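The primary structure of each chain is shown beneath.
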Amino acid sequence: MTTTTPARGRRRAPSRMERAAGRAAAFQKPRVILALLLLLALTSVMLLDGYLRSEIGNDARVRDGAAYDKVPSRILDGGPLLTFDHGTATTQSVPDRTIVLTFDDGPTATWTPQVLKVLEENDVDATFFMVGSMISRYPGVVKSLVKQGNEVGIHTFTHVDLSYQSAARLQRELKQTQLALAGAAGVTTTLFRAPYSSEIDAVDNYSWPVYQEIGDLGYTSVFVDTDSDDWKKPGVSKIVRWATPKKNKGAIVLMHDAGGDRSQTISALGTYIKKMKAKGYTFTTVSGAQAMLNGNRSGVGRQSGSAGAGAGASAGAGIGGTGAAQAAQHQAAGATLYEGRALVYAVAVAEWVVPALSWFLLVVGIAVMGRFGMMLVLARRHHRQRNRGRGKGGRGGGRFSWGPAVTRPVSVIVPAYNEKECIANTLRSLAKSTHPIEIVVVDDGSDDNTSEIAESLGMPNVRVVRQENAGKPAALNNGVRNARHDIVVMMDGDTVFEPDAVHQLVQPFADPEIGAVAGNAKVGNRTTLIGAWQHIEYVMGFNLDRRMYDLLRCMPTIPGAIGAFRRDAVLGVGGMSEDTLAEDTDITIALHRAGWRVVYQEHARAWTEAPGSLRQLWSQRYRWSYGTMQALWKHRKSLTDKGPSGRFGRVGMPLVVLFQIVTPVFAPLIDVFTGYSMVFVDFRAALLAWLAVLAVQLVCAAYAFRLDREKYRYLAMLPLQQLAYRQMMYLVLIHSCVTALTGGRLRWQKLKRTGEVGTPAGAGR
């Protein structure tokens, strides 16, 4: 029998979704790119944070005991200030009774401000040789340091031994540190101190070429005369004694404001300054000492009062206000200043984002593990409850019962759009049904003879209803209106039912509180790699979840492949809505809010054809995830409702949002963190952690397979699924989130079918 739904005119006006489709289509590619860029940005932030913490590119090698025969003797016997003038090396020593306090390895938020406080209290300036990565992390400290009148120098960006590094790495270490200084304090510097350096007589054949190259770039390399060895934490008295020069000589003194507990350094510093002042010593900076050596003693320290003349005066003006004492510093300008600020801002983002994500992912990880545990417990309870008394060899009766057996006829609605490959198999499977049914095929404007194929089968209980193409929700609503029975079963045009699927599916309607039933959808084309991955997902991710949601009475979705509804319940909530792309989720939530109970019937099995290509899979899952978000947003008021609607809003909706949106969105970061840890931190520990999570998932999957009586051999695909398939699902969800945030709309997307899913005999056995 064939029925044609009349059109209102020669041309049907486009629906709201169809009108939006044209506008949305133009934005799909940019949204994919935006989703990928978002993930790339987060990965970049992690890499930047790792670089700052020396987890990436770290070279811990330190050269010791190398020969020095290629280093000129006058250099080895010279002073601690090494400069190059047109390739000629010159050294200078600090004037007698002059102390140049220098601090290495900072800044830090803890110790550097305490050092600055002691210096301020004693009217002393110092020179700080700072690590670029630390500058970019604590720009406020650097700005205060310079403003106070202290001088800054470069100590490389990552604190590596430059004698092991290439010329390109050396240039990069210097440039990045200069950018960090420019971004933090608006200055650059010509002072340099190599990590792991000490007195100038320690220069060897490997480090000498480095100092030559640095000197050619205009830098002054600063060594030490007296090392306090404060990093050894020898005690205050020893730090003071070891930092004191002999015979009233001048000295560049080395201390540290980073690298560990510096409380002894802080305690010793004030004592040391007072002691040396009592001996008649003057404190200045490296630039101040150089000015004194050049005959300019004005502006070399705070006690001098005003800014000095010469190069230092103009350079220091407006930066620290101490003239010659900051002569090595220059005001940053142009690209250097803006690039430096960008670096500091990027580091600030990384400093906030990475720890926040770490804590958030820890919470997510705990939640996911808790969900796995809850799923296992509730799934076991669901299985035992629904299978009490069932014999091992059949699906007959048992002690569990929904009530009196439901034997009255039901209507099966088959929406079809260009299903010529599948419609015959679908209808033949329904013809074998052990339950009395009428079949309503709704041809949604197919142009491939779908309706003709359905009619050619000559089945007496099949009616074909034709309509102009309006989408699946409209087709289902048309089917509901044409249904003759009070229970309607909805399925996809490519789905194949087992003979007793309808009978099993409608039994819960013996309970008058039940308004809808979700069936057990199986992947029929599981012999392919993509099909096997989806098979695992269907059994574990969908059916295990449905058991849990069933017991919690907050089932979020009745699968489009196999579901049953009370006809009056569907009509009572307005039918299948076109407001969202996930009409199955939309109708399910609507039924919950109307007070109906929705349950899962594991014994009602149907076989569906999963997408056969990654492109089709992306299209399908994109629609599913985006449609789910639309449905949740549409029913957001259930969060504050009372009664059954409020129950779903406060139980089901948070679970769906947390585990189907939030957790999967951030799941790629877990993989990125894991990969990052394997490459840059601790490969063995990261691998063991990943394997532990995989083992938990494998246990859950194995239990789900056991409940569904599936073959375990497909679980061999689980590790590969985690590495490839899951990543794609993450990107799909991120893409959907971007679409939702940008306000896009999508149209109904028809997947290409092959019709290879036939009768399920032996399909999963």
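A brief look at the structure comes next. These numbers were taken from a predicted model, which means no experiment stands behind them.

1. A look at the packing of helix α12 (residues 334–386) against helix α17 (residues 529–552)
- In the contact formed by α12 and α17, the axes pass within 8 Å of each other and the chain directions differ by 70°. Considering the angle they form, α12 stands roughly perpendicular to α17. Every residue of α17 that contacts α12 at Arg 371, Phe 372, Met 374, Met 375, Leu 378, Ala 379, Arg 381, His 382, His 383, Gln 385 and Arg 386 is listed here: Met 540, Leu 544, Asp 545, Arg 547, Met 548, Asp 550, Leu 551 and Leu 552.
- The class makeup of the residues in the contact of α12 with α17 is 10 nonpolar, three polar and six charged.

2. What to know about the nonpolar core
- Leu 101, Leu 119 and Tyr 272 are the most contacted members of the largest nonpolar core, which totals 61 residues.
- Discounting residues that sit within four places of it in the chain, Tyr 272 has contacts with Ile 99, Leu 101, Val 240, Ala 243, Thr 244, Pro 245, Val 253, Met 255 and Phe 283.
- Within the second largest apolar cluster, 59 residues are counted, among which are Val 442, Val 570, Ala 631 and Leu 694.

3. Side note on the side chain of Asp 545
- Along the polypeptide, Asp 545 turns up in helix α17.
- The buried category is assigned to Asp 545, whose relative accessible area is 7%.
- At 2.7 Å, the side chain of Asp 545 and the side chain of Arg 371 are in polar contact.
- Dropping the residues within four chain positions of it, Asp 545 is found in contact with Arg 371, Met 375 and Met 540.

4. Here's the deal with helix α15 (residues 472–482)
- Counting buried positions along α15 gives nine out of 11 residues, so the element sits mostly inside the fold.
- Taken as a whole, α15 has its buried residues at Lys 472, Pro 473, Ala 474, Ala 475, Leu 476, Asn 477, Asn 478, Gly 479 and Val 480.
- Where α15 is buried, its residues contact β14 (410–416), β15 (437–444), β16 (462–467), β17 (487–491), α18 (567–572) and α19 (583–593).

5. Let's talk about the environment of Gln 697
- Within the secondary structure, Gln 697 sits in helix α22 (residues 683–707).
- Remark: the alpha-carbon pair of Gln 697 and Leu 718, spanning 21 residues in sequence, is separated by 8.7 Å.
- Look past the residues within four positions of Gln 697 in its chain and what remains in contact with it is Phe 372, Met 540, Leu 718, Gln 722 and Arg 726.

6. Some thoughts on the environment of Phe 565
- Along the chain, Phe 565 turns up in strand β20 (residues 562–566).
- Taking C-alpha positions, Phe 565 is 9.7 Å from Thr 588, a pair spaced 23 residues apart along the chain.
- Contacts of Phe 565, omitting those with residues within four sequence positions, involve Asp 486, Ile 487, Val 488, Met 490, Phe 509, Gly 515, Ala 516, Ile 558, Val 570, Ile 587 and Leu 591.

7. A short note on the pairing of strand β11 (residues 251–256)
- Of all six residues in β11, six are buried; the element is thus mostly enclosed.
- Of the two faces of β11, both are covered, the one formed by Ala 251, Val 253 and Met 255 as well as the one formed by Ile 252, Leu 254 and His 256.
- Judged from the six bridges that link them, strand β4 (residues 98–104) and β11 form a sheet pairing that is parallel. Counted as the bridge partner of Val 100 is Ile 252 from β11.

8. Some remarks on unusual backbone geometry
- The linkage connecting Gly 106 with the following residue, Pro 107, adopts the cis geometry, with an omega of 0°.
- Checked against the element boundaries, Pro 107 lands in the loop between β4 and α3 (111–121).
- Although it is not a glycine, His 86 sits at a positive phi angle of roughly 55°.
- By the secondary structure assignment, His 86 is in the loop between β2 (81–85) and β3 (88–92).
- We classify His 86 as exposed; its relative accessible area is 81%.
- Despite not being glycine, Arg 97 shows a phi value in the positive range, around 55°.

Scoring rules and cut-offs
Residues numbered from 1 in each chain as written. Predicted model: local features only at pLDDT ≥ 70, side-chain atom pairs only at ≥ 80, totals over all residues. Heavy atoms only, no water. Axes fitted to C-alpha atoms, helices over the stretch in contact; angles between N-to-C directions. Helix = DSSP H or I, 4+ residues; strand = E, 2+ residues; numbered from the N terminus. Parallel < 35°, antiparallel > 145°, perpendicular 65-115°, else oblique. Contact = heavy atoms within 4.5 Å. Nonpolar A, V, L, I, M, F, W, Y, C, P; charged D, E, K, R; others polar. Core = buried A, V, L, I, M, F, W, Y, C linked by side-chain atoms within 4.5 Å. Buried < 20%, exposed > 50% of the residue type's maximum accessible area, 1.4 Å probe, protein only. Polar contact = N/O pair within 3.5 Å; in protein donor to acceptor, adjacent residues only side chain to side chain. Pairing = 2+ DSSP bridges.

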